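Take a look at the letters that make up each chain.
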Amino acid sequence: MSSKETARPPGLRPGGRAGEEAGATAEPGARPEALAGGPGPRPSAGAGRSRAAGSGGAAAPRRAGRLDRQTAAAWVLILPFVLLFLAFTAGPVLGSLGMSFTDIRQRDLRTPFSVNGVGFGNYVKAFQDETFRKAAFNTAYFVVIGVPLTLVVALAAAVLLDRGVKRFQALFKVGYYLPVVTSIVAIAVIWRFVLAPDSGLLNTVLGWVGIDGPNWLASKTWAMPSLIAMAVWRNFGSAMIIFLAGLQGIPQSVEEAGQIDGASSWQRFRYLIMPLLRPTILFTSVTTGIGYLQFFEEPFVMTQGGPLDSTISVSMYTYNQFGFGNYGLATAMAYILFVVIAVITFIQFRLLREK
Amino acid sequence: MRRTWWIYLIGVLGLVAVAAPFLWMVLGSFKTQGELLRVPPTWWPQDATTQNYNDLFSKANFPRYFVNSTLVALVVTAGNLTFCSMIGYALAKLRFKGRNALFVLVMATLMIPGMVTFVPLFVLVTNAGLANSYPGLILPFLVSPFGVFLMRQFFLGLPDDLMDAGRVDGSGELGIFARIMLPLTRPALATLGILTFLGSWNNFLWPLVIAQTEDKYTLPVALALYSTGQNAQNYGLLMAGAVVVVLPVLVMFLAFQRHVTKGIAITGLK
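Residues numbered from 1 in each chain as written. Chains lettered and ligands numbered in written order. Predicted model: local features only at pLDDT ≥ 70, side-chain atom pairs only at ≥ 80, totals over all residues. Heavy atoms only, no water.

**Things to note about the overall build of chain B**
Part 1 of the reasoning: Across its full length, chain B carries 14 helices and zero strands.
Part 2 of the reasoning: The secondary structure elements of chain B, listed N-terminal to C-terminal, are α-α-α-α-α-α-α-α-α-α-α-α-α-α.
Part 3 of the reasoning: Looking at chain B as a whole, 60% of its 270 residues qualify as buried.
Part 4 of the reasoning: Contacts in chain B between residues far apart in sequence, at least 24 positions, make up 71% of those at least 6 positions apart.
Part 5 of the reasoning: Total accessible area on chain B stands at roughly 10,600 Å², and carbon and sulfur atoms take up 67% of it. (Helix = DSSP H or I, 4+ residues; strand = E, 2+ residues; numbered from the N terminus. Buried < 20%, exposed > 50% of the residue type's maximum accessible area, 1.4 Å probe, protein only. Contact = heavy atoms within 4.5 Å. Areas by Shrake-Rupley, 256 points an atom, 1.4 Å probe, with all protein chains shown as cover.)

The structure is reproduced here in structure tokens:
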């Protein structure tokens with residue numbers, strides 16, 4: 001279980017966390033051999049050793065001996081990770097799958113092997129549960145609106161910093177990134193006061209321009225958009241940094257070529273810059289999407305899922321089922337979320353991969 | 001030249017939008033309950049008070065939560081620095097059977113939501129007698145796939161000649177790792193350290209389920225439970241609590257921000 005907050009999401013959470021494409025975007029300047037997965041054997045080192053041994057003919061077994069030593073050292077170095085990984089990640093992932101097919105409840109905690117298998121019963125129960133379907137809808141709402149909005153704001157901020165703001169660029173960059181490193185719980189507590197109906201900051205500012213703001217978090221219509229706005233506010237800095245790195249990797253000559261051809265600045269951005277940013281957009285949409293699909297703290301602190309379940313998320317409902325002691329049902333719901341995350345990540349890769 | 005002023009204006013308005021809730025929090029933490037409920041709200045505290053902080057540190061047990069958060073974050077960070085650099089080096093620089101399979105496996109787990117593992121993890125940790133204990137809070141986070149990835153990427157960029165030179169000098173493989181290669185990764189270790197500390201400090205779901213009595217709460221757990229429990233209407237206390245949760249990471253981030261943004265550039269991940 002890795003922390004979502006680093007990731008998002010996390011808080012990135014968190015968390016954004018997705019690995020596959022990272023190798024490609026990570027180190028544009030990396031040596032080809034490094035990307036290919038590591039060093040080949042170096043003949044020079046073997047030669048040095050065999051001279052010390054005084055026998056040129058023994059070079060081959062000696063190199064094998066060196067490899068054995070490497071293997072032994074590698075085992076020592078990976079052992080702590082492997083043990084912790086098996087116990088606290090791989091084991092629970094499989095355990096969760098197993099539990100999702102059983103009727104395990106809180107009272108079975110001390111005797112996890114005395115429970116009965118129920119096949120796909122928990123999955124059926126989850127899909128038949130109206131609140132779960134509501135939670136799935138809310139999560140989709142949050143992701144479908146929230147991810148594009150976050151990326152658009154992040155890209156706009158990145159372009160603003162890359163093209164317009166030359167002086168104090170670092171100050172702006174750090175400023176926009178600040179909310180990303182702060183606790184979602186604390187942010188959610190603060191935003192509850194920002195969004196308060198009468199004494200809140202937002203409605204006061206809206207009042208200056210003659211708008212009578214609603215009671216945001218108590219409204220079935222406005223609660224979810226409020227959570228989305230807060231998520232965009234908190235997370236856009238993370239994608240912005242990645243976009244900024246992507247933009248700075250595009251050579252000036254690309255824009256100059258467009259200028260010579262008489263393209264307007266919007267055309268240059270749309271037809272020259274955007275296609276070159278495709279891998280970056282893919283990466284940020286995957287990480288942001290994974291984080292948003294798991295949103296949990298926001299409704300937990302700000303609305304407790306209300307009003308009338310209008311902001312309850314799959315993660316939060318899963319947590320509630322855990323709280324009720326329905327461990328089998330909770331793990332089934334978590335696995336449904338897991339499968340959805342995997343499928344959506346896969347689709348994003350297919351959609352945004354080079355045409 | 002003419003168009004730069006409005007670009008800066010937009011930039012500054014953006015900064016104001018980002019900073020305003022934080023300012024609201026800090027100023028609010030010095031207001032009395034009565035003033036916090038006033039309509040229209042005051043911006044600057046009319047009669048500034050430190051009562052909220054006094055309550056936080058006397059009535060509520062925030063010093064304890066602060067110590068818990070710090071302790072957990074420090075141990076988790078130390079574990080990640082040690083274990084992730086070890087396996088990161090092995091994955092980048094040593095040849096052994098199953099290396100690629102191991103790497104793919106680690107990367108695949110980046111995608112797994114915390115929600116998927118926490119129920120069986122809870123059963124496991126409870127049955128091991130570690131519920132509501134520091135080891136229970138710490139052990140599941142001692143390594144992270146993100147850390148492995150970051151350290152591997154960094155080690156890949158170091159030249160192999162250094163290792164070969166060490167071998168010629170008769171150093172063992174582990175000596176080469178510890179004495180020659182590891183000291184060169186200081187920038188990556190700084191990045192991993194700061195990101196891990198921030199992640200642990202802000203971590204919520206696991207401490208929420210495993211810390212069952214007040215004396216084991218971390219700051220986010222305490223703040224969340226205060227904000228949804230009987231103190232939900234005690235606005236000043238919650239604002240001050242949010243300050244205590246947020247301020248240390250803001251200071252830390254501003255001090256080390258170069259390492260944070262560099263780490264994102266190295267890995268593309270946060």
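**Thoughts on the overall build of chain A**
Part 1 of the reasoning: Tallying secondary structure elements over chain A gives 17 helices and zero strands in all.
Part 2 of the reasoning: The buried share of chain A, reckoned over its 355 residues, is 55%.

**Here we look at the UniProt feature "transmembrane region" (unreviewed entry) in chain A**
Part 1 of the reasoning: In the UniProt entry, the feature "transmembrane region" (unreviewed entry) is given for residues 72–94, 140–162, 174–194, 227–250, 271–293 and 327–349 of chain A.
Part 2 of the reasoning: Structurally, residues 174–194 of chain A is divided into 90% helix and 0% strand, and its ends, taken at the C-alpha atoms, are 22 Å apart. (UniProt positions renumbered as here; feature names shortened; annotations may be inferred.)

**Let's talk about the packing of aromatic side chains**
Within a pair of aromatic rings, the relevant descriptors are the distance that separates the centres and the angle that separates the planes.
Part 1 of the reasoning: Throughout the structure, instances matching the rule amount to 39 aromatic pairs over all chains.
Part 2 of the reasoning: Here the aromatic rings of A:Phe296 and B:Phe204 are separated by 6.0 Å at their centres, their planes lie at 40 degrees, and the arrangement is tilted. Of this pair, A:Phe296 sits in the loop between helix H14 (278–293) and helix H15 (297–302) while B:Phe204 sits in the loop between helix H11 (186–202) and helix H12 (205–210), which puts the two residues in different chains.
Part 3 of the reasoning: With a relative accessible area of 1%, A:Phe296 lands in the buried category.
Part 4 of the reasoning: Taking 6.3 Å as the distance between ring centres and 50 degrees as the angle between the ring planes, the aromatic pair formed by B:Phe155 and B:Phe177 counts as tilted. Linking B:Phe155 in helix H8 (residues 145–156) with B:Phe177 in helix H10 (residues 173–181), this pair joins segments that are 22 residues apart in sequence.
Part 5 of the reasoning: Of the residues examined, B:Phe155 reaches a relative accessible area of 0% and is grouped as buried.
Part 6 of the reasoning: Classification of B:Phe177 as buried rests on a relative accessible area of 7%.
Part 7 of the reasoning: Among the aromatic residues, those joined into a cluster by ring pairs are A:Phe296, A:Phe300, A:Tyr319, A:Phe322, A:Tyr327, B:Phe118, B:Phe122 and B:Phe204. (Phe/Tyr/Trp six-rings, centres within 6.5 Å; stacked < 30°, edge-to-face > 60°.)

**Notes on the interface of chain A and chain B**
Part 1 of the reasoning: If you look at the interface, chain A gives 112 residues, while chain B gives 112 residues.
Part 2 of the reasoning: Here the element with the most residues in the side of chain A that touches chain B is helix H5 (residues 59–99) of chain A; it accounts for 23 residues.

**As for the pattern of salt bridges**
Part 1 of the reasoning: In this structure the tally under the stated criterion is eight salt bridges over all chains.
Part 2 of the reasoning: With its nearest N and O atoms 2.8 Å apart, the salt bridge here joins A:Asp162 to A:Arg163.
Part 3 of the reasoning: Residue A:Asp162 is classed as buried on the basis of its relative accessible area, which comes to 8%.
Part 4 of the reasoning: For the salt bridge of B:Lys59 with B:Asp55, the shortest nitrogen-to-oxygen distance reads 3.8 Å.
Part 5 of the reasoning: You can call B:Asp55 buried: its relative accessible area is 12%.
Part 6 of the reasoning: Connected through shared salt-bridge partners, A:Asp162, A:Arg163, A:Glu255 and A:Arg268 make up one network. (Salt bridge = Lys/Arg side-chain N within 4 Å of Asp/Glu carboxyl O.)

**As for helix H13 (residues 219–228) of chain B**
Part 1 of the reasoning: A large share of H13(B) lies buried, amounting to eight of its ten residues.
Part 2 of the reasoning: Of the residues making up H13(B), those classed as buried are B:Leu219, B:Pro220, B:Val221, B:Ala222, B:Leu223, B:Ala224, B:Tyr226 and B:Ser227.

**Quick notes on a nonpolar patch on the surface**
Part 1 of the reasoning: Taken together, the side chains of A:Phe137, A:Tyr141, A:Val144, A:Ile145 and A:Leu149 present a nonpolar region at the surface, about 460 Å² in accessible area.
Part 2 of the reasoning: Mapping A:Ile145 onto the fold places it in helix H7 (residues 130–164). (Patch = residues over 30% accessible without salt bridge, like charges linked within 9 Å, V, L, I, M, F, W, Y side chains within 5 Å.)

**With respect to the side chain of A:Thr139**
Residue and element names in this part refer to chain A.
Part 1 of the reasoning: Take threonine 139: it is sitting in helix H7.
Part 2 of the reasoning: With relative accessibility at 3%, the residue threonine 139 sits in the buried group.
Part 3 of the reasoning: A polar side-chain atom of threonine 139 sits 3.1 Å from the main-chain amide nitrogen of valine 314.
Part 4 of the reasoning: Residues within four places of threonine 139 in sequence aside, it is in contact with Leu293, Phe295, Ser313 and Val314. (Polar contact = N/O pair within 3.5 Å; in protein donor to acceptor, adjacent residues only side chain to side chain.)

**A short note on the packing of helix H9 (residues 184–194) of chain A against helix H11 (residues 223–248) of chain A**
Residues and elements named next belong to chain A.
Part 1 of the reasoning: Two elements in contact, H9 and H11, have axes whose closest approach is 11 Å; the angle formed by their N-to-C orientations is 130 degrees. Judged by the angle between their axes, H9 and H11 are oblique. In this structure, H9 crosses over H11, and the sense of that crossing is right-handed. Contacts between H9 and H11 pair Ile184, Ile187, Ala188 and Trp191 from the former with Ala229, Met230, Trp233 and Arg234 from the latter. (Axes fitted to C-alpha atoms, helices over the stretch in contact; angles between N-to-C directions. Parallel < 35°, antiparallel > 145°, perpendicular 65-115°, else oblique. Left-handed = near helix turned anticlockwise from the far one by under 90°.)

**Considerations on unusual backbone geometry**
Part 1 of the reasoning: In this model, A:Leu308 sits at a positive phi of 50 degrees, which is unusual for a non-glycine residue.
Part 2 of the reasoning: If you trace the backbone, A:Leu308 turns up in the loop between H15 and helix H16 (314–323).
Part 3 of the reasoning: One non-glycine residue with positive phi stands out, namely B:Asn132, at about 55 degrees.
Part 4 of the reasoning: Note on placement: B:Asn132 falls in the loop between helix H6 (114–127) and helix H7 (134–138).

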